[in-house]
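Commentary on secondary and tertiary structure
Residues per chain are reported as follows:
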Amino acid sequence: MLPPFTNEPIVLFTEPEQKLAMEQALQQVEREFGREYPLVVGGEHLLTADKFNSINPSRTSEVVGVFSKGDAETARKALAAATKAFDKWRWTPPEERARYLLKAAAVMRRRRYELAAWMVVEEGKNWIEAYADVAEAIDFCEFYAREMMRLGEPQPLTPYPGEENNLYYIPLGVGVVIPPWNFPCAILVGMTTAALVAGNTVVLKPASASPAIAYKFFEILEEIDLPPGVVNFLPGSGGVIGDLLVSHPKTRFIAFTGSQEVGLRINRLAAKAKKSQLWIKRVIAEMGGKDFIIVDGSADLDAAAHGIMTSAFGFQGQKCSACSRAIVTDDVYDTVLEKVVALTKEKVTVGDPRDFSNFMGPVIDAAAETKILEYIEIGKKEGRLVLGGDKRSAEGYFINPTIVADVAPTARLAQEEIFGPVLAFIRARDFNDAVKISNNTVFGLTGAVYSSNRAHLERARRECHVGNLYFNRKCTAALVGVHPFGGFNMSGTDSKAGGRDYLLLFTQAKVVSEAL
Ligand code: NAP
(Lines give C-alpha, C1' and ligand atoms only; values in the text may rest on other atoms or scores of the structure.)
Protein backbone atom coordinates (compact mmCIF):
# COMPACT_ATOMS: atom_id res chain seq x y z
CA MET A 1 0.00 0.00 0.00
CA LEU A 2 1.47 3.33 -1.07
CA PRO A 3 1.50 6.26 1.36
CA PRO A 4 -0.51 9.28 0.13
CA PHE A 5 1.26 11.68 -2.22
CA THR A 6 3.29 14.46 -0.61
CA ASN A 7 5.53 17.01 -2.33
CA GLU A 8 9.26 16.44 -2.42
CA PRO A 9 10.89 18.89 0.04
CA ILE A 10 12.80 21.80 -1.50
CA VAL A 11 16.37 22.42 -0.40
CA LEU A 12 17.41 26.06 0.13
CA PHE A 13 21.08 25.25 0.69
CA THR A 14 21.07 26.56 4.23
CA GLU A 15 23.03 23.53 5.49
CA PRO A 16 26.75 23.07 4.74
CA GLU A 17 26.22 19.45 3.61
CA GLN A 18 23.66 20.58 1.03
CA LYS A 19 26.12 23.13 -0.35
CA LEU A 20 28.88 20.54 -0.41
CA ALA A 21 26.65 18.04 -2.25
CA MET A 22 25.90 20.63 -4.92
CA GLU A 23 29.53 21.70 -5.29
CA GLN A 24 30.56 18.07 -5.76
CA ALA A 25 27.74 17.51 -8.25
CA LEU A 26 28.84 20.54 -10.29
CA GLN A 27 32.41 19.21 -10.38
CA GLN A 28 31.17 15.79 -11.47
CA VAL A 29 29.02 17.30 -14.22
CA GLU A 30 31.86 19.50 -15.48
CA ARG A 31 34.08 16.42 -15.79
CA GLU A 32 31.47 15.07 -18.23
CA PHE A 33 31.45 18.19 -20.44
CA GLY A 34 31.85 17.47 -24.13
CA ARG A 35 30.61 13.88 -23.91
CA GLU A 36 28.78 12.55 -26.93
CA TYR A 37 25.19 11.31 -26.63
CA PRO A 38 23.20 9.12 -29.01
CA LEU A 39 19.62 8.98 -30.22
CA VAL A 40 17.84 5.96 -28.79
CA VAL A 41 15.28 4.23 -30.98
CA GLY A 42 13.68 0.96 -29.91
CA GLY A 43 16.48 0.53 -27.37
CA GLU A 44 19.17 0.93 -30.01
CA HIS A 45 21.76 3.69 -29.48
CA LEU A 46 22.39 5.48 -32.77
CA LEU A 47 25.13 7.99 -33.57
CA THR A 48 24.44 10.20 -36.55
CA ALA A 49 26.93 12.14 -38.67
CA ASP A 50 25.03 15.36 -38.15
CA LYS A 51 25.45 16.66 -34.59
CA PHE A 52 24.75 19.71 -32.45
CA ASN A 53 26.25 21.07 -29.26
CA SER A 54 24.58 21.97 -26.02
CA ILE A 55 26.27 25.13 -24.72
CA ASN A 56 26.61 26.65 -21.26
CA PRO A 57 24.81 30.00 -21.61
CA SER A 58 26.98 31.49 -18.83
CA ARG A 59 30.21 30.60 -20.60
CA THR A 60 29.57 29.89 -24.25
CA SER A 61 33.00 28.34 -24.81
CA GLU A 62 31.89 25.38 -22.64
CA VAL A 63 30.28 22.54 -24.55
CA VAL A 64 28.00 20.72 -22.12
CA GLY A 65 27.39 17.82 -24.51
CA VAL A 66 27.45 16.79 -28.17
CA PHE A 67 24.24 15.31 -29.54
CA SER A 68 23.32 13.22 -32.50
CA LYS A 69 20.59 14.91 -34.49
CA GLY A 70 17.34 13.27 -35.46
CA ASP A 71 16.26 13.60 -39.08
CA ALA A 72 13.30 12.43 -41.16
CA GLU A 73 14.61 8.87 -41.36
CA THR A 74 15.28 8.46 -37.62
CA ALA A 75 11.97 10.19 -36.82
CA ARG A 76 10.12 7.57 -38.90
CA LYS A 77 12.14 4.81 -37.23
CA ALA A 78 11.31 6.19 -33.78
CA LEU A 79 7.59 6.25 -34.61
CA ALA A 80 7.82 2.67 -35.92
CA ALA A 81 9.63 1.56 -32.74
CA ALA A 82 7.00 3.21 -30.55
CA THR A 83 4.23 1.60 -32.61
CA LYS A 84 5.81 -1.84 -32.17
CA ALA A 85 6.35 -1.34 -28.42
CA PHE A 86 2.73 -0.22 -27.99
CA ASP A 87 1.51 -3.72 -28.95
CA LYS A 88 2.90 -5.05 -25.68
CA TRP A 89 3.05 -2.04 -23.38
CA ARG A 90 -0.67 -1.31 -23.77
CA TRP A 91 -1.49 -4.61 -22.04
CA THR A 92 0.89 -4.06 -19.12
CA PRO A 93 -1.35 -3.62 -16.05
CA PRO A 94 -1.69 -0.04 -14.75
CA GLU A 95 -0.15 -0.91 -11.40
CA GLU A 96 2.88 -2.42 -13.07
CA ARG A 97 3.30 0.67 -15.23
CA ALA A 98 2.96 2.87 -12.17
CA ARG A 99 5.76 0.98 -10.46
CA TYR A 100 8.21 2.14 -13.15
CA LEU A 101 7.42 5.73 -12.19
CA LEU A 102 7.94 5.07 -8.50
CA LYS A 103 11.28 3.50 -9.30
CA ALA A 104 12.27 6.43 -11.56
CA ALA A 105 11.35 8.82 -8.74
CA ALA A 106 13.59 6.90 -6.34
CA VAL A 107 16.55 7.06 -8.73
CA MET A 108 15.99 10.76 -9.38
CA ARG A 109 15.87 11.39 -5.64
CA ARG A 110 19.25 9.68 -5.28
CA ARG A 111 20.69 11.70 -8.17
CA ARG A 112 18.90 14.97 -7.37
CA TYR A 113 22.00 17.14 -6.87
CA GLU A 114 23.57 15.83 -10.05
CA LEU A 115 20.39 16.45 -12.08
CA ALA A 116 20.15 19.95 -10.62
CA ALA A 117 23.79 20.60 -11.48
CA TRP A 118 23.13 19.77 -15.15
CA MET A 119 20.50 22.52 -15.21
CA VAL A 120 22.84 25.03 -13.60
CA VAL A 121 25.30 24.58 -16.46
CA GLU A 122 22.95 23.86 -19.34
CA GLU A 123 20.15 26.33 -18.49
CA GLY A 124 21.72 28.95 -16.25
CA LYS A 125 19.33 28.10 -13.40
CA ASN A 126 20.44 29.07 -9.92
CA TRP A 127 20.83 26.24 -7.41
CA ILE A 128 17.44 26.63 -5.77
CA GLU A 129 15.57 26.90 -9.08
CA ALA A 130 17.44 23.89 -10.45
CA TYR A 131 16.78 21.81 -7.34
CA ALA A 132 13.08 22.79 -7.44
CA ASP A 133 12.92 21.63 -11.07
CA VAL A 134 14.15 18.16 -10.06
CA ALA A 135 11.81 18.05 -7.05
CA GLU A 136 8.87 18.83 -9.36
CA ALA A 137 9.92 16.04 -11.72
CA ILE A 138 9.98 13.60 -8.78
CA ASP A 139 6.54 14.87 -7.76
CA PHE A 140 5.15 14.22 -11.23
CA CYS A 141 6.37 10.60 -11.12
CA GLU A 142 4.96 9.97 -7.65
CA PHE A 143 1.68 11.76 -8.40
CA TYR A 144 0.96 10.18 -11.78
CA ALA A 145 1.87 6.71 -10.47
CA ARG A 146 -0.87 7.05 -7.83
CA GLU A 147 -3.28 8.58 -10.34
CA MET A 148 -2.85 5.66 -12.73
CA MET A 149 -3.45 3.22 -9.90
CA ARG A 150 -6.67 5.11 -9.12
CA LEU A 151 -7.78 5.08 -12.76
CA GLY A 152 -6.89 1.39 -13.01
CA GLU A 153 -9.34 0.51 -10.25
CA PRO A 154 -13.01 -0.28 -10.93
CA GLN A 155 -14.71 3.01 -11.79
CA PRO A 156 -18.02 4.03 -10.22
CA LEU A 157 -21.05 3.65 -12.53
CA THR A 158 -24.75 3.76 -11.76
CA PRO A 159 -25.92 0.18 -11.06
CA TYR A 160 -28.39 -1.20 -13.61
CA PRO A 161 -30.50 -4.32 -13.05
CA GLY A 162 -29.60 -7.33 -15.23
CA GLU A 163 -26.25 -5.93 -16.42
CA GLU A 164 -22.66 -5.83 -15.29
CA ASN A 165 -21.09 -2.54 -16.43
CA ASN A 166 -17.43 -1.55 -16.37
CA LEU A 167 -15.49 1.49 -17.50
CA TYR A 168 -11.79 1.14 -18.31
CA TYR A 169 -9.30 3.91 -19.00
CA ILE A 170 -7.28 2.53 -21.89
CA PRO A 171 -4.29 4.13 -23.64
CA LEU A 172 -4.43 6.13 -26.87
CA GLY A 173 -1.39 4.87 -28.78
CA VAL A 174 1.83 6.51 -29.90
CA GLY A 175 2.42 10.02 -28.62
CA VAL A 176 4.93 12.67 -29.57
CA VAL A 177 6.16 14.55 -26.51
CA ILE A 178 7.66 17.99 -27.18
CA PRO A 179 8.80 19.87 -24.08
CA PRO A 180 10.33 23.35 -23.78
CA TRP A 181 13.81 24.12 -22.46
CA ASN A 182 12.75 26.21 -19.48
CA PHE A 183 11.64 23.40 -17.15
CA PRO A 184 13.73 20.82 -18.95
CA CYS A 185 13.47 18.22 -16.21
CA ALA A 186 10.04 18.82 -14.62
CA ILE A 187 7.95 19.41 -17.75
CA LEU A 188 9.76 16.80 -19.84
CA VAL A 189 9.42 14.19 -17.09
CA GLY A 190 5.81 15.18 -16.37
CA MET A 191 4.59 14.90 -19.97
CA THR A 192 6.60 11.74 -20.70
CA THR A 193 5.64 9.83 -17.57
CA ALA A 194 1.96 10.80 -17.84
CA ALA A 195 1.93 9.39 -21.37
CA LEU A 196 3.72 6.15 -20.54
CA VAL A 197 2.00 5.37 -17.24
CA ALA A 198 -1.31 5.64 -19.08
CA GLY A 199 -0.10 2.82 -21.37
CA ASN A 200 1.05 4.84 -24.36
CA THR A 201 4.43 4.77 -26.04
CA VAL A 202 6.38 7.88 -26.82
CA VAL A 203 8.74 9.63 -29.19
CA LEU A 204 10.41 12.21 -26.97
CA LYS A 205 11.88 15.19 -28.81
CA PRO A 206 13.65 17.31 -26.20
CA ALA A 207 14.20 21.05 -26.71
CA SER A 208 17.44 21.76 -28.54
CA ALA A 209 18.74 24.01 -25.75
CA SER A 210 18.41 21.32 -23.07
CA PRO A 211 19.24 17.86 -24.45
CA ALA A 212 21.73 16.90 -21.71
CA ILE A 213 19.28 16.98 -18.81
CA ALA A 214 16.78 15.23 -21.11
CA TYR A 215 19.28 12.44 -21.77
CA LYS A 216 20.00 12.09 -18.03
CA PHE A 217 16.30 11.34 -17.51
CA PHE A 218 16.36 8.91 -20.41
CA GLU A 219 19.34 7.19 -18.77
CA ILE A 220 17.18 6.73 -15.67
CA LEU A 221 14.44 5.11 -17.77
CA GLU A 222 17.06 2.68 -19.06
CA GLU A 223 18.38 2.09 -15.55
CA ILE A 224 14.91 1.13 -14.28
CA ASP A 225 14.60 -1.29 -17.19
CA LEU A 226 11.69 0.32 -19.02
CA PRO A 227 11.08 -1.93 -22.04
CA PRO A 228 12.83 -0.70 -25.23
CA GLY A 229 10.69 1.43 -27.52
CA VAL A 230 8.28 2.60 -24.82
CA VAL A 231 10.17 5.90 -24.83
CA ASN A 232 12.36 6.78 -27.81
CA PHE A 233 14.86 9.61 -27.43
CA LEU A 234 15.02 11.82 -30.50
CA PRO A 235 16.80 15.16 -30.14
CA GLY A 236 16.92 17.36 -33.22
CA SER A 237 15.56 20.63 -34.50
CA GLY A 238 11.83 21.04 -33.93
CA GLY A 239 11.69 23.12 -37.10
CA VAL A 240 13.13 20.20 -39.12
CA ILE A 241 11.51 17.06 -37.66
CA GLY A 242 8.54 18.57 -35.80
CA ASP A 243 6.13 18.66 -38.72
CA LEU A 244 6.84 15.08 -39.71
CA LEU A 245 6.32 13.79 -36.15
CA VAL A 246 3.11 15.75 -35.70
CA SER A 247 1.64 14.94 -39.13
CA HIS A 248 2.55 11.25 -39.25
CA PRO A 249 -0.54 9.01 -39.48
CA LYS A 250 0.76 6.74 -36.70
CA THR A 251 0.91 9.65 -34.23
CA ARG A 252 -2.15 9.42 -32.02
CA PHE A 253 -1.50 12.43 -29.78
CA ILE A 254 0.91 15.28 -29.23
CA ALA A 255 1.83 16.58 -25.79
CA PHE A 256 3.45 19.96 -26.31
CA THR A 257 4.61 22.74 -24.03
CA GLY A 258 6.22 25.80 -25.59
CA SER A 259 5.46 28.98 -27.47
CA GLN A 260 2.10 30.05 -28.82
CA GLU A 261 3.43 30.13 -32.36
CA VAL A 262 4.63 26.51 -32.35
CA GLY A 263 1.62 25.30 -30.34
CA LEU A 264 -0.82 26.74 -32.88
CA ARG A 265 1.16 25.27 -35.75
CA ILE A 266 1.03 21.82 -34.14
CA ASN A 267 -2.70 22.17 -33.53
CA ARG A 268 -3.25 23.10 -37.17
CA LEU A 269 -1.13 20.29 -38.60
CA ALA A 270 -2.58 17.68 -36.25
CA ALA A 271 -6.09 18.57 -37.35
CA LYS A 272 -5.38 17.50 -40.97
CA ALA A 273 -6.10 13.78 -41.24
CA LYS A 274 -3.83 11.71 -43.50
CA LYS A 275 -5.37 9.09 -45.78
CA SER A 276 -4.36 6.05 -43.72
CA GLN A 277 -5.07 7.72 -40.40
CA LEU A 278 -7.57 6.03 -38.08
CA TRP A 279 -8.17 8.73 -35.47
CA ILE A 280 -8.65 12.37 -34.68
CA LYS A 281 -5.33 13.36 -33.08
CA ARG A 282 -5.43 14.73 -29.61
CA VAL A 283 -3.36 17.84 -28.92
CA ILE A 284 -2.36 18.87 -25.45
CA ALA A 285 -0.73 22.27 -25.88
CA GLU A 286 0.44 24.45 -23.02
CA MET A 287 1.77 27.77 -24.25
CA GLY A 288 2.87 31.24 -23.21
CA GLY A 289 1.65 33.86 -20.79
CA LYS A 290 1.61 37.55 -19.99
CA ASP A 291 1.17 37.11 -16.29
CA PHE A 292 0.29 39.86 -13.85
CA ILE A 293 0.38 40.89 -10.24
CA ILE A 294 -2.29 43.38 -9.15
CA VAL A 295 -1.61 45.47 -6.03
CA ASP A 296 -4.20 47.72 -4.40
CA GLY A 297 -3.99 50.29 -1.61
CA SER A 298 -5.05 47.85 1.11
CA ALA A 299 -2.21 45.40 0.42
CA ASP A 300 0.88 44.67 2.46
CA LEU A 301 3.12 46.61 0.08
CA ASP A 302 6.39 45.04 1.22
CA ALA A 303 5.01 41.55 0.64
CA ALA A 304 3.68 42.67 -2.75
CA ALA A 305 7.04 44.16 -3.77
CA HIS A 306 8.77 40.95 -2.77
CA GLY A 307 6.25 38.84 -4.72
CA ILE A 308 6.66 41.02 -7.81
CA MET A 309 10.46 40.94 -7.65
CA THR A 310 10.75 37.16 -7.27
CA SER A 311 8.02 36.40 -9.84
CA ALA A 312 9.54 38.78 -12.40
CA PHE A 313 13.21 37.90 -12.06
CA GLY A 314 13.30 34.30 -10.80
CA PHE A 315 15.08 32.25 -13.49
CA GLN A 316 15.60 35.48 -15.43
CA GLY A 317 11.87 35.84 -16.09
CA GLN A 318 11.97 32.72 -18.26
CA LYS A 319 9.00 30.99 -16.64
CA CYS A 320 5.65 30.76 -18.37
CA SER A 321 4.23 31.96 -15.04
CA ALA A 322 6.69 34.87 -14.61
CA CYS A 323 5.18 38.23 -13.68
CA SER A 324 5.73 40.55 -16.62
CA ARG A 325 3.01 43.07 -15.68
CA ALA A 326 2.75 44.78 -12.31
CA ILE A 327 -0.69 46.42 -12.32
CA VAL A 328 -0.83 48.82 -9.41
CA THR A 329 -3.64 51.14 -8.33
CA ASP A 330 -2.89 54.83 -8.52
CA ASP A 331 -2.89 55.42 -4.72
CA VAL A 332 0.14 53.17 -4.13
CA TYR A 333 1.73 53.01 -7.60
CA ASP A 334 4.76 55.21 -6.85
CA THR A 335 5.42 53.51 -3.50
CA VAL A 336 5.24 49.98 -4.93
CA LEU A 337 7.44 50.94 -7.88
CA GLU A 338 10.03 52.43 -5.56
CA LYS A 339 9.99 49.35 -3.33
CA VAL A 340 10.35 46.89 -6.22
CA VAL A 341 13.24 48.89 -7.72
CA ALA A 342 15.02 49.05 -4.34
CA LEU A 343 14.48 45.36 -3.63
CA THR A 344 15.67 44.35 -7.10
CA LYS A 345 18.82 46.46 -6.73
CA GLU A 346 19.49 44.86 -3.36
CA LYS A 347 18.67 41.21 -4.08
CA VAL A 348 19.00 40.48 -7.77
CA THR A 349 22.66 39.77 -8.32
CA VAL A 350 23.54 38.66 -11.84
CA GLY A 351 26.28 36.24 -12.84
CA ASP A 352 27.28 32.61 -13.41
CA PRO A 353 24.83 30.57 -11.31
CA ARG A 354 27.57 28.09 -10.42
CA ASP A 355 28.30 30.75 -7.82
CA PHE A 356 25.51 30.26 -5.26
CA SER A 357 25.41 33.96 -4.43
CA ASN A 358 24.01 34.87 -7.86
CA PHE A 359 20.23 35.20 -7.95
CA MET A 360 19.97 35.55 -11.72
CA GLY A 361 21.95 33.70 -14.39
CA PRO A 362 22.03 34.21 -18.17
CA VAL A 363 19.12 33.97 -20.57
CA ILE A 364 19.08 30.78 -22.59
CA ASP A 365 20.80 31.68 -25.87
CA ALA A 366 21.86 34.36 -28.32
CA ALA A 367 18.46 34.50 -30.03
CA ALA A 368 16.70 35.03 -26.70
CA GLU A 369 19.21 37.70 -25.75
CA THR A 370 18.66 39.58 -29.01
CA LYS A 371 14.88 39.35 -28.72
CA ILE A 372 14.86 40.56 -25.11
CA LEU A 373 17.20 43.49 -25.87
CA GLU A 374 14.92 44.46 -28.77
CA TYR A 375 11.91 44.48 -26.45
CA ILE A 376 13.87 46.64 -24.00
CA GLU A 377 14.42 49.19 -26.79
CA ILE A 378 10.68 49.11 -27.52
CA GLY A 379 10.05 49.54 -23.79
CA LYS A 380 12.28 52.60 -23.62
CA LYS A 381 9.96 54.24 -26.15
CA GLU A 382 6.72 52.92 -24.66
CA GLY A 383 7.51 53.81 -21.04
CA ARG A 384 10.09 55.14 -18.58
CA LEU A 385 13.12 52.92 -18.00
CA VAL A 386 13.74 52.89 -14.24
CA LEU A 387 16.15 49.99 -13.89
CA GLY A 388 18.52 47.92 -16.03
CA GLY A 389 17.93 47.96 -19.74
CA ASP A 390 21.27 46.58 -20.82
CA LYS A 391 23.51 43.55 -21.20
CA ARG A 392 25.70 42.61 -18.29
CA SER A 393 28.95 41.34 -19.76
CA ALA A 394 30.70 40.37 -22.96
CA GLU A 395 30.67 36.61 -22.33
CA GLY A 396 27.46 34.78 -21.51
CA TYR A 397 23.91 35.91 -22.19
CA PHE A 398 23.49 38.05 -19.09
CA ILE A 399 20.88 40.80 -19.13
CA ASN A 400 20.31 43.11 -16.16
CA PRO A 401 16.91 43.00 -14.46
CA THR A 402 14.86 45.62 -16.25
CA ILE A 403 11.87 47.64 -15.06
CA VAL A 404 9.91 49.95 -17.34
CA ALA A 405 7.37 52.19 -15.63
CA ASP A 406 4.24 53.97 -16.91
CA VAL A 407 3.54 51.41 -19.63
CA ALA A 408 0.11 51.67 -21.26
CA PRO A 409 -2.04 48.51 -20.95
CA THR A 410 -2.16 48.24 -24.74
CA ALA A 411 1.59 48.77 -25.33
CA ARG A 412 3.57 45.91 -26.83
CA LEU A 413 5.49 45.56 -23.58
CA ALA A 414 2.18 44.92 -21.84
CA GLN A 415 0.77 42.57 -24.48
CA GLU A 416 3.54 40.35 -25.89
CA GLU A 417 5.42 37.56 -24.13
CA ILE A 418 9.07 38.61 -23.80
CA PHE A 419 10.32 35.66 -21.76
CA GLY A 420 13.15 37.50 -20.06
CA PRO A 421 13.90 39.72 -17.07
CA VAL A 422 11.71 42.62 -18.19
CA LEU A 423 8.91 43.94 -16.00
CA ALA A 424 6.30 46.50 -17.09
CA PHE A 425 4.65 48.67 -14.45
CA ILE A 426 1.11 49.70 -15.38
CA ARG A 427 -0.86 52.32 -13.45
CA ALA A 428 -4.54 51.47 -12.84
CA ARG A 429 -7.09 54.12 -11.85
CA ASP A 430 -8.65 51.82 -9.24
CA PHE A 431 -9.24 48.12 -8.59
CA ASN A 432 -11.95 47.81 -11.26
CA ASP A 433 -9.55 49.21 -13.80
CA ALA A 434 -6.81 46.83 -12.58
CA VAL A 435 -9.02 43.77 -13.14
CA LYS A 436 -9.94 45.01 -16.60
CA ILE A 437 -6.29 45.55 -17.50
CA SER A 438 -5.33 42.10 -16.18
CA ASN A 439 -7.74 40.49 -18.68
CA ASN A 440 -6.83 42.53 -21.74
CA THR A 441 -4.26 40.21 -23.38
CA VAL A 442 -4.77 37.08 -25.49
CA PHE A 443 -3.23 34.99 -22.70
CA GLY A 444 -4.68 33.63 -19.46
CA LEU A 445 -2.07 31.66 -17.59
CA THR A 446 -1.25 33.00 -14.10
CA GLY A 447 -1.94 36.07 -12.04
CA ALA A 448 -1.78 37.23 -8.45
CA VAL A 449 -3.60 39.84 -6.41
CA TYR A 450 -2.19 41.52 -3.31
CA SER A 451 -5.03 43.03 -1.29
CA SER A 452 -6.61 42.80 2.14
CA ASN A 453 -9.97 43.99 0.79
CA ARG A 454 -12.27 40.94 0.81
CA ALA A 455 -14.63 42.38 -1.81
CA HIS A 456 -11.66 42.98 -4.14
CA LEU A 457 -10.36 39.44 -3.69
CA GLU A 458 -13.80 37.93 -4.35
CA ARG A 459 -14.18 40.09 -7.44
CA ALA A 460 -10.79 38.90 -8.69
CA ARG A 461 -11.72 35.29 -7.88
CA ARG A 462 -14.68 35.62 -10.26
CA GLU A 463 -13.34 37.91 -12.95
CA CYS A 464 -9.57 37.48 -13.42
CA HIS A 465 -9.60 34.99 -16.28
CA VAL A 466 -6.50 32.87 -15.74
CA GLY A 467 -5.92 29.18 -15.13
CA ASN A 468 -3.91 29.79 -11.94
CA LEU A 469 -4.80 32.74 -9.72
CA TYR A 470 -3.02 33.45 -6.44
CA PHE A 471 -3.91 35.82 -3.60
CA ASN A 472 -1.28 37.52 -1.45
CA ARG A 473 1.56 35.40 -2.82
CA LYS A 474 3.73 35.33 -5.91
CA CYS A 475 2.37 34.10 -9.25
CA THR A 476 5.07 31.44 -9.84
CA ALA A 477 5.95 28.11 -8.16
CA ALA A 478 2.91 25.90 -8.70
CA LEU A 479 3.23 22.63 -6.83
CA VAL A 480 2.19 19.23 -8.19
CA GLY A 481 -1.07 18.08 -6.62
CA VAL A 482 -1.51 21.41 -4.82
CA HIS A 483 -1.85 23.79 -7.77
CA PRO A 484 -2.77 21.83 -10.95
CA PHE A 485 -1.33 23.99 -13.70
CA GLY A 486 -2.57 25.17 -17.10
CA GLY A 487 -3.88 28.29 -18.78
CA PHE A 488 -6.88 29.68 -20.63
CA ASN A 489 -7.22 31.38 -24.01
CA MET A 490 -3.97 31.46 -26.04
CA SER A 491 -2.07 30.11 -23.03
CA GLY A 492 -3.19 26.64 -23.99
CA THR A 493 -5.58 23.77 -23.57
CA ASP A 494 -5.79 24.11 -19.77
CA SER A 495 -4.55 20.57 -19.26
CA LYS A 496 -3.90 21.12 -15.56
CA ALA A 497 -0.60 19.25 -15.25
CA GLY A 498 -0.13 17.82 -11.79
CA GLY A 499 -3.88 17.51 -11.23
CA ARG A 500 -6.42 14.71 -11.07
CA ASP A 501 -7.76 15.42 -14.56
CA TYR A 502 -4.39 15.28 -16.33
CA LEU A 503 -4.05 11.55 -17.06
CA LEU A 504 -7.50 11.48 -18.63
CA LEU A 505 -5.96 13.43 -21.52
CA PHE A 506 -3.70 10.45 -22.22
CA THR A 507 -6.45 7.82 -22.09
CA GLN A 508 -9.80 6.97 -23.62
CA ALA A 509 -12.65 5.47 -21.62
CA LYS A 510 -14.05 2.14 -22.79
CA VAL A 511 -17.35 0.89 -21.38
CA VAL A 512 -18.22 -2.81 -21.45
CA SER A 513 -21.77 -3.89 -20.60
CA GLU A 514 -22.63 -7.55 -20.14
CA ALA A 515 -26.20 -8.79 -19.85
CA LEU A 516 -26.47 -11.16 -16.91
P1 NAP B 1 9.29 26.72 -28.46
O2 NAP B 1 10.27 27.48 -29.24
O3 NAP B 1 7.87 26.75 -28.91
O4 NAP B 1 9.83 25.23 -28.39
C5 NAP B 1 9.17 24.24 -27.64
C6 NAP B 1 9.47 22.90 -28.24
O7 NAP B 1 8.88 22.83 -29.53
C8 NAP B 1 10.96 22.63 -28.43
O9 NAP B 1 11.21 21.27 -28.16
C10 NAP B 1 11.15 22.93 -29.90
O11 NAP B 1 12.25 22.27 -30.49
C12 NAP B 1 9.86 22.40 -30.46
N13 NAP B 1 9.53 22.89 -31.79
C14 NAP B 1 9.98 24.00 -32.43
N15 NAP B 1 9.42 24.09 -33.66
C16 NAP B 1 8.61 23.02 -33.80
C17 NAP B 1 7.76 22.55 -34.84
N18 NAP B 1 7.60 23.21 -35.99
N19 NAP B 1 7.08 21.41 -34.64
C20 NAP B 1 7.19 20.73 -33.49
N21 NAP B 1 7.99 21.12 -32.47
C22 NAP B 1 8.68 22.26 -32.62
O23 NAP B 1 9.26 27.19 -26.93
P24 NAP B 1 10.49 27.32 -25.94
O25 NAP B 1 11.26 28.53 -26.31
O26 NAP B 1 11.20 26.02 -25.83
O27 NAP B 1 9.76 27.54 -24.55
C28 NAP B 1 9.32 28.78 -24.11
C29 NAP B 1 7.83 28.90 -24.29
O30 NAP B 1 7.19 27.85 -23.58
C31 NAP B 1 7.28 30.18 -23.70
O32 NAP B 1 6.31 30.68 -24.57
C33 NAP B 1 6.66 29.72 -22.39
O34 NAP B 1 5.64 30.55 -21.91
C35 NAP B 1 6.14 28.37 -22.78
N36 NAP B 1 5.92 27.52 -21.62
C37 NAP B 1 4.63 27.27 -21.25
C38 NAP B 1 4.38 26.50 -20.13
C39 NAP B 1 2.97 26.21 -19.70
O40 NAP B 1 2.77 25.32 -18.87
N41 NAP B 1 1.98 26.91 -20.23
C42 NAP B 1 5.44 25.98 -19.40
C43 NAP B 1 6.75 26.26 -19.82
C44 NAP B 1 6.97 27.02 -20.94
P45 NAP B 1 13.64 23.05 -30.73
O46 NAP B 1 14.13 23.38 -29.36
O47 NAP B 1 14.46 22.08 -31.46
O48 NAP B 1 13.30 24.27 -31.52
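Note that the structure is a prediction, hence the values are computed from the model and not measured.

Counting residues in hydrophobic clusters, the biggest one holds 79 residues, and the most contacted among them are Met22, Met108, Tyr144, Val231 and Phe506. Residue contacts for valine 231: discarding those within four places in its chain leaves Thr192, Leu196, Val202, Leu204, Phe218, Leu221 and Leu226. By size, the runner-up hydrophobic cluster in this structure holds 34 residues, among which are Ala414, Phe419, Ala434 and Val466.

With that out of the way, let us pick up the domain arrangement of the protein chain. Looking at the protein chain, the domain boundaries give domain 1 (16-287 + 494-515) and domain 2 (291-480). Taken together, the contact between domain 1 and domain 2 spans 33 residues of the former and 27 residues of the latter. Between domain 1 and domain 2 the total buried area reaches about 2,500 Å² when both faces are included, carbon and sulfur atoms providing 61% of it. Area buried by domain 1 at its contact with domain 2 is led by Pro57, Ser58 and Trp181, which between them contribute 21% of it. At the junction of domain 1 with domain 2, the criterion picks out 3 salt bridges. Linking glutamate 129 and lysine 319 is a salt bridge whose minimum nitrogen-to-oxygen distance equals 3.0 Å. Where domain 1 packs against domain 2, one counts 11 residue pairs in polar contact (both at pLDDT 80 or more). Counting residues per element, the ones that place at least two in the side of domain 1 that touches domain 2 are helix H1 (16-31), helix H4 (112-123) and helix H5 (127-152). Of the residues forming the side of domain 1 that touches domain 2, the biggest block, 7 residues, is contributed by H5. When its residues are assigned to classes, the side of domain 1 that touches domain 2 shows 13 nonpolar, 9 polar and 11 charged.

A few words on empty space enclosed by the protein. The tally for this structure, following the rule as stated, stands at 2 cavities of 30 Å³ or more. Taken as a whole, the largest cavity encloses approximately 100 Å³ of empty space. Residue lining of the largest cavity: 16 residues in total, with Gly317, Lys319, Ala322, Ser324 and Phe419 positioned closest to the centre. Looking at the second largest cavity, its volume works out to about 30 Å³. Forming the boundary of the second largest cavity are Tyr100, Leu101, Ala104, Thr193, Leu196, Leu221, Ile224 and Leu226. Looking at the lining of the second largest cavity, the elements that each hand over two or more residues are helix H3 (94-110) and helix H6 (186-197). By residue number, the principal contributor to the lining of the second largest cavity is H3, which donates 3 residues. Taken together, the residues that form the lining of the second largest cavity break down as 7 nonpolar, 1 polar and no charged.

What counts, and where the lines are drawn
- Residues numbered from 1 in each chain as written.
- Predicted model: local features only at pLDDT ≥ 70, side-chain atom pairs only at ≥ 80, totals over all residues.
- Heavy atoms only, no water.
- Core = buried A, V, L, I, M, F, W, Y, C linked by side-chain atoms within 4.5 Å.
- Buried < 20%, exposed > 50% of the residue type's maximum accessible area, 1.4 Å probe, protein only.
- Contact = heavy atoms within 4.5 Å.
- Domains from an automatic or database assignment.
- Buried area = accessible area lost by both parts, 1.4 Å probe.
- Salt bridge = Lys/Arg side-chain N within 4 Å of Asp/Glu carboxyl O.
- Polar contact = N/O pair within 3.5 Å; in protein donor to acceptor, adjacent residues only side chain to side chain.
- Helix = DSSP H or I, 4+ residues; strand = E, 2+ residues; numbered from the N terminus.
- Nonpolar A, V, L, I, M, F, W, Y, C, P; charged D, E, K, R; others polar.
- 1 Å grid on protein atoms, 1.4 Å probe; cavity = no way out; pocket = protein on both sides within 12 Å on 5 of 7 lines; lining within 4 Å.
- Points joined across faces, edges and corners; volume = space filled by probe spheres on them.

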